[in-house]
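Structural overview for review
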Amino acid sequence: LRAEEVARRLPGRGRALLGGEPFTLLLMGDSVTQTGDYGAMLAKMLERATGNTNITVVKKAYSGRSIDATVRHFDRDVREIKPDLGLLMYGLNDQICFVPLRAFLEQYEWVSDRLRERFGADTIYLQPTPHISTLRSGPDGGADPPENAFRTIGYARAIADLGAKLDVP
């Protein structure tokens, strides 16, 4: 991990991370984020790579959460937090409820804009994973239709494209 690359990819607060300043990761998402440990793993990797031991992880993730709910509850969710880096992972609930892709992407961009404007925070867009039940049958032989996984993959690709367009990792 090169300092120049961190500063380039995290132009708002990357130097604070490299300088050992207190650094808060804000994880926003659905049940995958709520129950997962990827934030703690990332914090450990960043600590090892930068030497910064002042990294805090805050989760604002809720089972069943979609990006539009995050937009509606943004002020309440981040009021007490001063994030340096926001990690957004949505898509499973959005795609299964047929949220139009354009609206989904506009809301992704809205959240990252607010994090930057309000806190000077950087954002990373994380891609949703296909729901595992689409890949295997349950005990009753039933499973979610495979098109759910394919829609999620489409949302993931669109998030990557939006990130490239906005220079958001």
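Residues numbered from 1 in each chain as written. Predicted model: local features only at pLDDT ≥ 70, side-chain atom pairs only at ≥ 80, totals over all residues. Heavy atoms only, no water.

It is worth spelling out the pairing of strand β3 (residues 85-89) at this point. Most of β3 is tucked away: five of the five residues are buried. With five bridges connecting them, strand β1 (residues 23-29) and β3 associate as parallel partners. Along β3, the bridge assignment pairs glycine 29 with methionine 89. Here β3 runs beside strand β4 (residues 122-126); their pairing, made up of five bridges, is parallel. Following the sheet pairing, leucine 88 is matched in β4 by tyrosine 125. (Buried < 20%, exposed > 50% of the residue type's maximum accessible area, 1.4 Å probe, protein only. Helix = DSSP H or I, 4+ residues; strand = E, 2+ residues; numbered from the N terminus. Pairing = 2+ DSSP bridges.)

Turning our eyes to something else, we now look at the environment of aspartate 77. By the secondary structure assignment, aspartate 77 is in helix α6 (residues 74-78). With a relative accessible area of 2%, aspartate 77 lands in the buried category. With residues up to four places along the chain from it excluded, the contact list for aspartate 77 reads Lys60, Tyr62 and Arg65. At a separation of 3.1 Å, a polar atom in the side chain of aspartate 77 contacts the side chain of arginine 65. (Contact = heavy atoms within 4.5 Å. Polar contact = N/O pair within 3.5 Å; in protein donor to acceptor, adjacent residues only side chain to side chain.)

Right, let's get into the pattern of salt bridges. Evaluated as defined, the whole model comprises 13 salt bridges. With its nearest N and O atoms 2.5 Å apart, the salt bridge here joins aspartate 84 to arginine 13. Here aspartate 84, found in the loop between α6 and β3, pairs with arginine 13, found in the loop between α1 (3-9) and α2 (14-18); they are 71 residues apart in sequence, far enough to count as distant. As a salt-bridge pair, aspartate 161 and arginine 157 come within 3.0 Å of each other at their nearest N and O atoms. Residue aspartate 161 and its partner arginine 157 are both found in helix α9 (residues 146-166); the two are separated by four residues, about one turn of the helix. The structure contains a network of salt bridges with shared partners spanning Arg13, Glu21 and Asp84. (Salt bridge = Lys/Arg side-chain N within 4 Å of Asp/Glu carboxyl O.)

The subject of this paragraph is the environment of threonine 152. Residue position: threonine 152 is located in helix α9. The class for threonine 152 is buried, based on a relative accessible area of 0%. Separated by 59 residues in the primary sequence, threonine 152 and asparagine 93 have C-alpha atoms spaced 9.2 Å apart.

With that settled, the discussion passes to the sheet that holds β1. Working definition: the strands of a sheet are paired by backbone hydrogen bonds and lie parallel or antiparallel to each other. One open sheet accounts for four strands, arranged β2-β1-β3-β4; its pairing is parallel. Bordering the open sheet on either side are β2 (55-61) and β4, each of which pairs with just one other strand. The sheet shows a mean angle of 20° between the axes of neighbouring strands, taken without regard to direction. (Axes fitted to C-alpha atoms, helices over the stretch in contact; angles between N-to-C directions.)

Topologically, alanine 43 is positioned in helix α4 (residues 38-50). For alanine 43, a relative accessible area of 8% gives the class buried. Separated by 13 residues in the primary sequence, alanine 43 and threonine 56 place their C-alpha atoms 7.4 Å from one another. Setting aside chain neighbours within four positions, we find alanine 43 in contact with Leu25, Ile55 and Val57.

We now examine unusual backbone geometry. Of note in this structure, phenylalanine 98 is not a glycine but carries a positive phi near 60°. By the secondary structure assignment, phenylalanine 98 is in the loop between α7 (92-96) and α8 (101-119). Here aspartate 167, not a glycine, exhibits a phi torsion of approximately 60°, which is positive. Along the chain, aspartate 167 falls in the segment after α9. Classification of aspartate 167 as partly exposed rests on a relative accessible area of 48%.

So yeah, pure geometry; function would need other evidence.
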